[in-house]
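Single-letter residue listing:
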Amino acid sequence: MSEPILFTDLALSEPVLKAIQAVGYEVPSPIQAAAIPVLLQGGDILGMAQTGTGKTAAFALPLLSKLDVKQNDPQILVLAPTRELAIQVAEAFQKYAAHIPGFHVLPIYGGQDMTSQLRQLKRGVHVVVGTPGRVMDHLRRGSLNLNNLKSLVLDEADEMLRMGFIDDVEWILEHTPATRQTALFSATMPREIRKVCDNYLRDAKEIKIASTQST
Ligand code: AMP
């Protein structure tokens, strides 16, 4: 089967397609062409890809296409190793959701004022993008409710391992609904990450993108 070559071949929602047009992307990158159909259908993904391949849009576009904006509890959680990446991914969601009225995404990371995070979580958000430690904090306090979570993304999983967050990541995985969809992205595949995949992903489609194939 030949790969689709246009975003309009990919069954993304109308508001998401409008946003893609506005940001000026012409064709899906290889990881997008491979990941978007699987994520739209609710499947799990193991993406071996580095930054620069378009991996953020590869998960954000399909997950936003399935989002129910009327439901105010977090439906999508992205775990990221650093505050910088959390902010960057949250900004990407905001950009791709520009035509979804009432949409809210919240980056949460350590060192940031807790009061404002608590206020925004209470008001309701659809997508949370956070570093593992702070996400755990909120789960323990009960300020983050993941009972209605549909999709969990582990971004730069090997970096989270390298920074010593892997136990936290597993703890968070244990505190999300078993019915969730999971997408794990990692530039490399150390044994510990492979183990996380074996334990927490279901029939994941493996997508390997050579580091030279950037967008
Ligand atoms: P990422 O790998 O997610 O960090 O994305 C790398 C860069 O590629 C970002 O600046 C995106 O805005 C851009 N990008 C993502 N998808 C596409 C696409 N299909 N066409 C052109 N640029 C893209």
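This text goes with the structure placed above it.
Residues numbered from 1 in each chain as written. Predicted model: local features only at pLDDT ≥ 70, side-chain atom pairs only at ≥ 80, totals over all residues. Heavy atoms only, no water.

Colleague: How should I be thinking about the side chain of Q75 in this particular structure?
Modeller: Tracing the chain through its elements places Q75 in the loop between α3 (55-66) and β2 (76-79). Judged by relative accessible area, Q75 falls into the buried class, the value being 4%. Polar contacts involving the side chain of Q75 include one to the main-chain carbonyl oxygen of Q71, which spans 2.9 Å. Those residues within four positions of Q75 in sequence are excluded, and the remaining contacts are L67, D68, H126, N148, L149, K150 and S151. (Helix = DSSP H or I, 4+ residues; strand = E, 2+ residues; numbered from the N terminus. Buried < 20%, exposed > 50% of the residue type's maximum accessible area, 1.4 Å probe, protein only. Polar contact = N/O pair within 3.5 Å; in protein donor to acceptor, adjacent residues only side chain to side chain. Contact = heavy atoms within 4.5 Å.)

Colleague: I would appreciate a short explanation of the site of the ligand in the present structure.
Modeller: Inspection of the region around the ligand gives 13 residues, with Y25, Q32, G52, G54 and T56 positioned closest. Here an oxygen atom of the ligand and a backbone polar atom of G54 are 2.7 Å apart. Within the complex, the protein chains bury 71% of what would otherwise be the 500 Å² of accessible surface of the ligand. A breakdown of the residues in the shell around the ligand according to their chemical character gives four nonpolar, eight polar and one charged. (Near = heavy atom within 4 Å. Areas by Shrake-Rupley, 256 points an atom, 1.4 Å probe, with all protein chains shown as cover. Nonpolar A, V, L, I, M, F, W, Y, C, P; charged D, E, K, R; others polar.)

Colleague: Sorry, what's going on with the pairing of strand β5 (residues 151-154) here?
Modeller: A regular strand places its side chains on the two faces of the sheet in alternate fashion. Because side chains alternate across β5, one face comprises the buried residues S151 and V153, and the other comprises L152 and L154, equally buried. Sheet analysis places β2 next to β5, joined by four bridges and oriented parallel. Opposite I76, over in β5, you have S151 as the bridge partner. Examined bridge by bridge, β5 and strand β6 (residues 181-186) share four bridges and lie parallel to one another. Bridged to L154 within β6 is L184. (Pairing = 2+ DSSP bridges.)

Colleague: What's the story with the packing of helix α5 (residues 114-123) against helix α6 (residues 132-141) in this structure? I'm lost.
Modeller: Two measures define how a pair of helices packs: the angle their axes make with one another and the distance between the axes. Where α5 meets α6, the axes come as close as 12 Å, and the angle between the chain directions of the two elements is 60°. When the interaxial angle is binned, α5 and α6 end up oblique. Crossing handedness for the pair α5 and α6: right-handed. Seen from α5, the contacting residues are M114, Q117, L118 and L121; seen from α6, they are R134, D137, H138 and R141. Residues of the contact of α5 with α6, tallied by class, amount to three nonpolar, two polar and three charged. (Axes fitted to C-alpha atoms, helices over the stretch in contact; angles between N-to-C directions. Parallel < 35°, antiparallel > 145°, perpendicular 65-115°, else oblique. Left-handed = near helix turned anticlockwise from the far one by under 90°.)

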